Amino acid sequence: MLLIKDIEDGMHVRGEYLVNNLIQGVSNTGKKYLTVVLQDKSGTIDGKKWDVDIEDHQIFAPRNVVYVEAEANLFKNTLQLKILSGTVVPKENVNLDNFVTPPPLPREEMIKELDGYLASLKEGNLKKLVKAIIEKYRDRYLDWPAAVRNHHAFRSGVLYHSLSMAHLAEKVAELYPGIDRDLLVAGCLLHDLGKCIELSGPVATEYTLEGKLLGHISIMAAIIREEADSLAIKGEESILLEHLILSHHGHPEFGSPIPPSTREAVALSMIDDFDAKMNMVYKALETTKPGTWSDRVFAFDGRSFYRPKED
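Residues numbered from 1 in each chain as written. Predicted model: local features only at pLDDT ≥ 70, side-chain atom pairs only at ≥ 80, totals over all residues. Heavy atoms only, no water.

Caption draft 1: View of the nonpolar core. Leu 189 and Leu 241 are the most contacted members of the largest nonpolar core, which totals 48 residues. Put simply, the parts of the chain that give this core at least two residues each are helix 2 (107–120), helix 3 (125–136), helix 4 (138–143), helix 5 (157–175), helix 6 (181–190), helix 9 (216–230), helix 10 (236–247) and helix 11 (263–286). Looking at this core element by element, the count peaks at eight residues for helix 5. Contact partners of Leu 241, with chain neighbours within four places excluded, come to Leu 126, Leu 129, Val 130, Leu 183, Ala 186, Gly 187, Leu 190 and Ile 224. Core analysis: the next-biggest nonpolar cluster, separate from the first, contains 17 residues, Tyr 17, Ile 45, Val 68 and Ile 83 among them. (Core = buried A, V, L, I, M, F, W, Y, C linked by side-chain atoms within 4.5 Å. Buried < 20%, exposed > 50% of the residue type's maximum accessible area, 1.4 Å probe, protein only. Helix = DSSP H or I, 4+ residues; strand = E, 2+ residues; numbered from the N terminus. Contact = heavy atoms within 4.5 Å.)

Caption draft 2: How the structure looks around the pattern of salt bridges. Applying the stated criterion across every chain yields a total of 17 salt bridges. In this structure, the salt-bridge partner of Asp 182 is Arg 181, at a minimum N-O distance of 2.9 Å. With relative accessibility at 6%, the residue Asp 182 sits in the buried group. Put simply, Lys 195 and Asp 192 hold a salt bridge, and the shortest N to O gap is 3.4 Å. Each of the two residues, Lys 195 as well as Asp 192, counts as buried. Residues joined by salt bridges that share partners form a network here, namely Lys 122, Glu 170, Arg 181 and Asp 182. (Salt bridge = Lys/Arg side-chain N within 4 Å of Asp/Glu carboxyl O.)

Caption draft 3: Summary view of the environment of Asn 20. For Asn 20, the location among the structural elements is in strand 1 (residues 12–26). As for Asn 20 and Ser 238, which are separated by 218 residues in sequence, their C-alpha atoms are 38 Å apart.

Caption draft 4: Here's a closer look at the packing of helix 9 against helix 10. In the contact formed by helix 9 and helix 10, the axes pass within 9 Å of each other and the chain directions differ by 170°. As judged from the angle between their axes, helix 9 and helix 10 are roughly antiparallel. Contact with helix 9, carried on its side by Ile 217, Met 220, Ala 221, Ile 224, Arg 225 and Ala 228, involves Ser 238, Leu 241, Glu 242, Ile 245 and Leu 246 of helix 10 and no other residues of that element. Split by residue class, the contact of helix 9 with helix 10 holds eight nonpolar, one polar and two charged. (Axes fitted to C-alpha atoms, helices over the stretch in contact; angles between N-to-C directions. Parallel < 35°, antiparallel > 145°, perpendicular 65-115°, else oblique. Nonpolar A, V, L, I, M, F, W, Y, C, P; charged D, E, K, R; others polar.)

This is a description of form; function is not addressed.
Set out below in structure tokens:
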């Protein structure tokens, strides 16, 4: 099968792809068309279906795997597909592993790292609370993506992102005396766990009703409070952990109802922002040839990034 990452301008494309999203539009002439986001394990690509009939909405419904025939072309320096036809592939013939982007590290290696961090927390209420929450949501936590399209938008993205942050947290705690290493690591491990409820899962990821109405920050804060009550945990530990979650986006316009107000909260917010943005830069440069510029990245005010010739 031709992988999306290998598609080039001018190619006649035939292959099976997962429909990630479907949007109906109307051209300047009043003609209806479809924008179809196609996905495989190597990435996503936008396709346009110009001659639309009723069956096309059923064929290109999100989560369908479709055999597509199309032509690849550049539009405003972005590669896209002109979809000529599509046929739904029967579910019994589909291996979803071909259509979900895998994490950069083997799953078993990440599980070992996660369990190592949990074991490293000092005995007490914080460790009891963090272990109870992760155990309750463990199956989802190990598989869920961290986003629909932006940073760490791949299977096990929440886990990979959280572990990357925990690695950074270890270094930050070494450099800045007074930072509670265990509290900061706990915040890294739990800060995005609410996305396991906010998002639908690793296949054709979309926002759930809870995700749209509540968001992962408020979902996670409620989980901490509920679990702390269940375990009869009183005192500062759970309050400080809940503050980390509520403040980790830094500003109200980014979803945090309160600014970071402890050393650990400031560190967590900056570590989260750093890791997320570095992931987006790496993602943009993955498909960029040495000596050229990437596509514009929305999260960086539409900036492009240069990949050095010797990279």
